Amino acid sequence: MDNNTDSKILTAKEAVQRYIKPGTQVCWGGFSYTRRPFTICREVIRQGIGEIFCTMNGGTAIEECLAANDLIKWLETTYVGLEGIQPVANSIRRRVEDGSIE
C-alpha cells in the first residue's frame, strides 16, 4: 500500500479501530467457512472489543471465536452449529446458558 493519505484502503487493524466499538452491531457475512471475514474477527479479538451485537446468517465459526473470548453481548441468528467440526457451537451455547449472550 502506498502512503497516499487519500487512499481509502485500510488495514484490518485500522478498519476495526475506526468502525467497531463496544455496542456496534456487525453482520458477519458469508456462509459456513466460505467467504467469512476471519481477518476482521481476529482483529476484534486482538483489540478485545466486547459487547458486540452480532447478526449472522449461517455457520458459526466467527461467532464461536468471539463467544469464546466473551466479546458478544447479543446474538441474532437463524442457525447455531459448526458444520463438519462439531454439531453444537459450545462457546455460544455456554454463553447463552450463563446469560452473557442475550
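Structure shown above.
Okay, so let's go over this structure. Just so we're clear, the structure is a prediction, and the values are computed from it rather than from any experiment. (Residues numbered from 1 in each chain as written. Predicted model: local features only at pLDDT ≥ 70, side-chain atom pairs only at ≥ 80, totals over all residues. Heavy atoms only, no water.)

Details of the pairing of strand β1 (residues 25-28)
Phase 1: The side-chain alternation of β1 yields one buried face, formed by Val-26 and Trp-28, and one unburied face, formed by Gln-25 and Cys-27.
Phase 2: For β1 and strand β2 (residues 52-56), the ladder comprises four bridges, and the chain directions are parallel. Each bridged residue has a counterpart across the sheet, and for Cys-27 the counterpart in β2 is Thr-55. (Buried < 20%, exposed > 50% of the residue type's maximum accessible area, 1.4 Å probe, protein only. Helix = DSSP H or I, 4+ residues; strand = E, 2+ residues; numbered from the N terminus. Pairing = 2+ DSSP bridges.)

Some details on the pattern of salt bridges
Phase 1: Throughout the structure, instances matching the rule amount to five salt bridges.
Phase 2: Across the pair Glu-63 and Arg-36 runs a salt bridge, and its minimum N-O distance is 2.9 Å. Of this pair, Glu-63 sits in helix α3 (residues 61-68) while Arg-36 sits in the loop between β1 and α2 (38-47), and the two are 27 residues apart along the sequence. Arg-36 carries the same exposure label as Glu-63, and that label is buried.
Phase 3: For Arg-46, the salt bridge is made with Glu-43, and the minimal N-O distance between the two is 3.2 Å. Separated by three residues within a single helix, Arg-46 and Glu-43 lie in helix α2, roughly one turn from each other. (Salt bridge = Lys/Arg side-chain N within 4 Å of Asp/Glu carboxyl O.)

A look at unusual backbone geometry
Phase 1: Located in the positive-phi region is Glu-51, a residue other than glycine, with phi close to 55 degrees.
Phase 2: You can see Glu-51 is positioned in the loop between α2 and β2.

Observations regarding α2
Along an α-helix, residues three or four positions apart point the same way, because every turn accommodates 3.6 residues.
Phase 1: Along α2, the residues that are buried comprise Cys-41, Glu-43 and Val-44. End-on, the buried residues of α2 take up no more than an arc of 165 degrees, which puts them together on one face.
Phase 2: Where α2 is buried, its residues contact α1 (12-19), β1, β2 and α3.
Phase 3: Where α2 terminates, the next one or two residues include Gly-48, which has phi positive at roughly 65 degrees. (Arc of directions from axis to C-beta. Contact = heavy atoms within 4.5 Å.)

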